[in-house]
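# Secondary and tertiary structure notes
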Amino acid sequence: MENLQQLVDKFPSTLKEYKTTVACGSIALLSGYLLYKYQSRGRVSEKWNKRYDFIVVGAGSAGCVLANRLSENGKFSVLVLEAGGEDDDPKIHMPMGVLDACTDTKFVWQDKTVPQPASEAYIDSAIQSQHGKVLGGSSSVNWMAYVRGHREDYNSWESLGCTGWGWSNVESYFRKMEDYFLPGEELGHGGPLTVSANRNLRTTDYLIKAIKELGVRENKSYNSGDNQGVTKGHVTAKNGRRWSAAQAYLRPAMKRSNLHVVTDAHVTKILFDGKRAVGVRFVREGGFTYEVLAEKEVIISSGAINSPHLLLLSGIGPKEELQKHGIPIVAELPVGLNYQDHSTAFRNVFFENPQVPKEEHLYKANLSSTKSLMEYFIKGKGPLTTAAGQAMCFFDVDEEGNYILTNKMPEIQIFMTGGPFIDDPNDEVLSRFNEFANFGPLLLETMKNADKRQGVMLAAVLLHPRSRGSLTLASADPFQRPLIDPQILSDPEDQRIMKIGLKFISDVLKSPTMSSLGSYFSENKFPTKDRIAPDVDPESEEYLEKLVSTACTVCWHPAGSCKMGAEGDTSAVVDPQLRVQGGIQGLRVVDNSIMPHLTSGNTNAPAIMIGEKGSDLILQSYRGI
C-alpha cells in the first residue's frame, strides 16, 4: 500500500504531461474493486444442507445481524435465504452513488402502493415503495442516515404492552452494535457498525446557523435519547464507504462453516407440521423449487412488506383475506394491518449571493474525475464520500401550529441535503429517481429552471402519522407483489402537521443568515405554468396547503405490518419475544414490521437494533443446549 501511495502521489505531474486520464481512472476503479474483494470475506453458498437449526428468511438489516449472532457460538447451524443478489457493485458502496443504487432494479423491489385518495397527486396513480433486494437489504441502498430515534419512541412501545422494549432495554443494544466516532458513554464503541460524521458541505453550516436563529438548539449528540434540535448528520460509513449491515455483520460471518448464505432464493411458503413451522420452500433461477427444514426455528426477516406477504401466502393472516384467495388457514392473525410509512415533501433552495461556494457535489462529474476517483478509492476521501443528509432537525408542534422543542417524541424531521447531486434534467439516473421517488414534475422542473447556482434540498418528514394502512394479497401467486395501501395523509392531523413542517422550511429562508445569502425557493424562478399551483405565490399559506396535498410521498420507511404486542393483544401478530402468536410454534418475525409505531427518524438503526435484540431473545431460548 505504501508503494501504491507513492505511485498515486506521482500521478498529478504524470497526468499533466501525458494526459492519461482514462488509464488512471481505470487503475482507480481496479484498486477499488480489489479493495472491496479484500474486505468482502466469505462466499455465498451454491450448495446447502437439508436441515439447519435456524433458517433466516432475508439478508436485510436485521437478517444480517441474525446470521452473525446465531452462528457466532458455533453451536447452531444457520441458513440465510436472500431473494436478491450479492452486494458487489461499486456504486452500492459509494455514498454519492445513492441515487444510482437506490433506483437500480437489480438491487430493489419495485413495489407500488395502490392509489391514495387523500392525495391529489395519487388519487388515480401509485407511489413507488421500494426496498432493498440485495445482501444487506435496504442498508445497502438507503441514504445512510443513522438515527436511533427518541427515547420516548421505545418507552411508548413498552407502554403498549411490549415488555422489555423500553429505552432502558434497547439502549444497550444500540451501544452493542455501534462503533461511534463521537465519545461518550451513552454511545457505543468497538461494535461492528461504524457510525461516522457525514462529509461536511459549507452550506451545511449556513443552514444550521439559520435554524439556530429560529430558536432551535444545536444537538450534536442527537442519538443519546433526545434527538430534538438541529445537528450535522451521522452516517453508516467506514473509511469513506457505505458500511451496510452486510459489511458490518454478514460478510465477516460468512467464513464460518456453520453459516450458509444462499442468494437469488425467493421463499414462497413457510412449511408447517400442524401449527409448528418446520421449514420453507424457495425458488431459484430457472424456476427450480427446493425445500429445507429447520430443527429449531424459522425466522422471517424480510421487512415490513415481504414479511407479511410471506405470512399471508403461508396461511397466517385475517380469515377473510385468506379465504378470498383460497389459502388454507393456519392461524387467524391481523397480518398486514397497522401498516405505516413516514410521509415527506421537499423544497429546493438556491442562493443568489455569488459568494456562496459551489460545492463539489455532482455525481457524474466526480465519476469522470480522476482526482475524485483516486481520492475515493485510495484514500476514502473526497466528494464521492458525500452521503445525503448533511444536516437534520427534529422538533415537536403544538395545537396552535407552532414548532416547539419538548422532551417528547418529535413530530417533524427536516432532512437537509446539499445538491442537487445531478443537475442535468435529461440524466438517466435523475429521471429514474424522479420516477421512483414520485416527486412528479417538481424535481425535473427544478433542474430545468435552475441557474446552476449552489442549492440544497430541504425535506419535511412526518414522523408519527396517525394514518394507518394495510398490506393485502393481490393473489395467491407468490410472485405477484402484494397490494400496499399506506393511506398517506388520510388523517387530517397528518395534513396539519406536515404543513407546519413546510412552514418551518419557509421560515428558515426568512432567517437573517439565509436572507443575506439571497436564498429563494426553486419554484420562484419557475414559469407560472410549471408550478404545482399556477398563479399562487410560492411563499403563501395557500401554496403550502397545495404542497401538502400534491407533493407528499412516502419515505420508504415501511413498518408495523406484523405488530408486536402483549400476549392476548388482538391487534398484535407477535409477542414481545417476537414469536408469532395464534398458537404457532417455531416461528418468529424479526424486522421493522414488528414496530407498534414508527420511530422518530430514519429507520435503519432501529432495524439493526431489532436484529440484535431479536438474536438475544432467540439464543436465550436455547441457552444450555
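Refer to the preceding data block for the structure.
Residues numbered from 1 in each chain as written. Predicted model: local features only at pLDDT ≥ 70, side-chain atom pairs only at ≥ 80, totals over all residues. Heavy atoms only, no water.

A large share of helix α13 (residues 370-379) lies buried, amounting to seven of its 10 residues. Of the positions making up α13, those classed as buried are Thr370, Ser372, Leu373, Met374, Tyr376, Phe377 and Ile378. Looking one or two places after α13, you find Gly380, whose phi comes out positive at around 65°. (Buried < 20%, exposed > 50% of the residue type's maximum accessible area, 1.4 Å probe, protein only. Helix = DSSP H or I, 4+ residues; strand = E, 2+ residues; numbered from the N terminus.)

Taking strand neighbours across the sheet as the criterion, the three strands line up as β5-β6-β8 in an open arrangement whose pairing is mixed. If you trace the sheet from one side to the other, it starts and ends with β5 (178-180) and β8 (234-235), each paired once. Judged from the three bridges that link them, β5 and strand β6 (residues 193-197) form a sheet pairing that is parallel. Its bridge partner being in β6, Tyr180 is matched across the sheet by Val195. (Pairing = 2+ DSSP bridges.)

Judged by nonpolar contacts, the single largest core of 92 residues is most densely connected at Trp165, Ile316 and Leu587. Element by element, the count of residues in this core is highest for helix α19 (residues 604-621), at seven residues. In this structure, Ile316 is in contact with Phe272, Leu311, Leu322, Val330, Ala331, Leu333, Val335, Val580, Ile584 and Leu587, ignoring residues within four places of it in sequence. Grouped together as the second largest cluster of nonpolar side chains are 66 residues, Ile92, Val349, Val456 and Ala533 included. (Core = buried A, V, L, I, M, F, W, Y, C linked by side-chain atoms within 4.5 Å. Contact = heavy atoms within 4.5 Å.)

Let's shift gears to the packing of helix α3 (residues 61-71) against helix α9 (residues 245-253). At a minimum axis distance of 8 Å, the contact between α3 and α9 shows a crossing angle of 30°. In this view, α3 runs roughly parallel relative to α9, as classed from their interaxial angle. Here α3 runs over α9; the crossing is left-handed. In this structure, α3 uses Ser61, Cys64, Val65, Ala67, Asn68, Arg69 and Ser71 to contact α9, whose residues at the interface are Ala245, Ala246, Tyr249, Leu250 and Ala253. Residues belonging to the contact of α3 with α9 are distributed by class as follows: eight nonpolar, three polar and one charged. (Axes fitted to C-alpha atoms, helices over the stretch in contact; angles between N-to-C directions. Parallel < 35°, antiparallel > 145°, perpendicular 65-115°, else oblique. Left-handed = near helix turned anticlockwise from the far one by under 90°. Nonpolar A, V, L, I, M, F, W, Y, C, P; charged D, E, K, R; others polar.)

Purely spatial values, then, with no claim about function.
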